[in-house]
Amino acid sequence: YDLFGAIFAVITSSAATVIFYGAFKHPEITQPQTKFLSLYKKTSALSVAAMLCLALESLPINGVSLGLAAAFAFTNHFCLRYGLVESCVSSIICGAVCGVQNIPVLIVASFTAYCVLDASPTLAAAVSCIAGTVCGVMLTGSTYMSDPFISLLLGCAVYATLKKLIAEKSDKSTDRLSLT
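Now for a description of the structure that goes with this document. Source: prediction; values computed, not measured.

Conventions adopted
Residues numbered from 1 in each chain as written. Predicted model: local features only at pLDDT ≥ 70, side-chain atom pairs only at ≥ 80, totals over all residues. Heavy atoms only, no water. Helix = DSSP H or I, 4+ residues; strand = E, 2+ residues; numbered from the N terminus. Contact = heavy atoms within 4.5 Å. Areas by Shrake-Rupley, 256 points an atom, 1.4 Å probe, with all protein chains shown as cover. Buried < 20%, exposed > 50% of the residue type's maximum accessible area, 1.4 Å probe, protein only. Polar contact = N/O pair within 3.5 Å; in protein donor to acceptor, adjacent residues only side chain to side chain. Patch = residues over 30% accessible without salt bridge, like charges linked within 9 Å, V, L, I, M, F, W, Y side chains within 5 Å. Salt bridge = Lys/Arg side-chain N within 4 Å of Asp/Glu carboxyl O. Axes fitted to C-alpha atoms, helices over the stretch in contact; angles between N-to-C directions. Left-handed = near helix turned anticlockwise from the far one by under 90°. Core = buried A, V, L, I, M, F, W, Y, C linked by side-chain atoms within 4.5 Å. Nonpolar A, V, L, I, M, F, W, Y, C, P; charged D, E, K, R; others polar. Phe/Tyr/Trp six-rings, centres within 6.5 Å; stacked < 30°, edge-to-face > 60°.

**Examining the overall build of the protein**
Within the protein, the secondary structure is distributed over eight helices and zero strands. The helix and strand sequence of the protein, counted from the amino end, reads α-α-α-α-α-α-α-α. Sequence-distant contacts in the protein: of pairs separated by 6 or more residues, those separated by 24 or more amount to 56%. Roughly 10,600 Å² of accessible area belongs to the protein as shown, and the carbon and sulfur atoms make up 72% of that amount.

**Observations regarding the side chain of S44**
Note that S44 resides in helix α3 (residues 35-57). The class of S44 is buried, set by a relative accessible area of 1%. Here I19 takes part through its backbone oxygen, which lies 2.5 Å from a polar atom of the side chain of S44. Apart from residues lying up to four places away in sequence, S44 is in contact with I19, G22 and A23.

**Looking at a nonpolar patch on the surface**
A surface patch of nonpolar side chains, amounting to about 430 Å² of accessible area, comprises L154, V158, L162, L165 and I166. By the element assignment, L162 lies in helix α8 (residues 147-179).

**As for the packing of helix α4 (residues 66-81) against helix α6 (residues 103-116)**
Between α4 and α6, whose axes approach to 9 Å, the crossing angle comes to 35°. In the packing of α4 onto α6, the handedness of the crossing is right-handed. Where α4 approaches α6, its residues L68, A71, F72, T75, N76 and C79 are matched on the opposing element by L106, A109, S110, A113 and Y114.

**Some details on unusual backbone geometry**
One non-glycine residue, N62, lies in positive phi territory at about 55°. Mapped onto the elements of the fold, N62 is located in the loop between α3 and α4. Accessibility expressed as a relative area gives 75% for N62, which makes it exposed.

**Quick look at the nonpolar core**
Formed by 22 residues in total, the largest nonpolar core has its most connected members in C53, A71, F72 and L152. For this core, the secondary structure elements donating two or more residues are α3, α4, α5 (84-98), α6, α7 (121-140) and α8. The element contributing the most residues to this core is α4, with six residues. Core analysis: the second largest hydrophobic core is formed by five residues, C79, A113, V116 and A124 among them.

**So, the packing of helix α1 (residues 2-21) against α3**
In contact at an axis separation of 7 Å, α1 and α3 are set at 115° when each is read in the N-to-C sense. From α1, V18, I19, F20 and Y21 reach across to α3, where they touch Y40, S44, S47, V48 and M51. Within the contact of α1 with α3, the residues separate by chemical class into seven nonpolar, two polar and no charged.

**Some remarks on the packing of aromatic side chains**
For any pair of aromatic rings, the description consists of the separation of the ring centres together with the inter-plane angle of the planes. Tallied over the full model, the rule gives three aromatic pairs. Relative to F8, the ring of F4 has its centre 6.2 Å away and its plane inclined at 20°; by these criteria the two rings are stacked. On the criterion of helical spacing, the pair formed by F4 and F8 is a turn pair, its members being four residues apart in helix α1. Given the relative accessible area of 58%, F4 is considered exposed.

What follows is the structure, given as structure tokens:
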């Protein structure tokens, strides 16, 4: 039994390394030249998102699901970065990790974010939070207005803050590049 566990651990850690490798910046993956590398990068990013949602799902704070907040933030990130189809796939996978009742909420949020994305990514996150909450209330009743609503608001705040910080960092790096 211990030999089987050791072999299983070696195989799964090797597979996880291969899967997660594409989510981080590497020269051959950041500018994918083929469809395979592009799909590999998206799959790797989705794997990391699902893993983080699963890890955060076991850490509720006063009933507020950090996993659902992360799933909402990743859904908006995938919508901005990759498009609607990848955002819906992220909604399905991260929503399944956080509970299947959240899948329709995240899908509605991703559709709404995609429709409003041209105006502003921050506005898209806020409007998708409202649309997701309305969908949750329609599906489960007024109980969705307590903890899941706060999780969506937290995910919206995290996404908007990180989006702003990343935009400022990239603006500073391009300013430094233009000065030299």
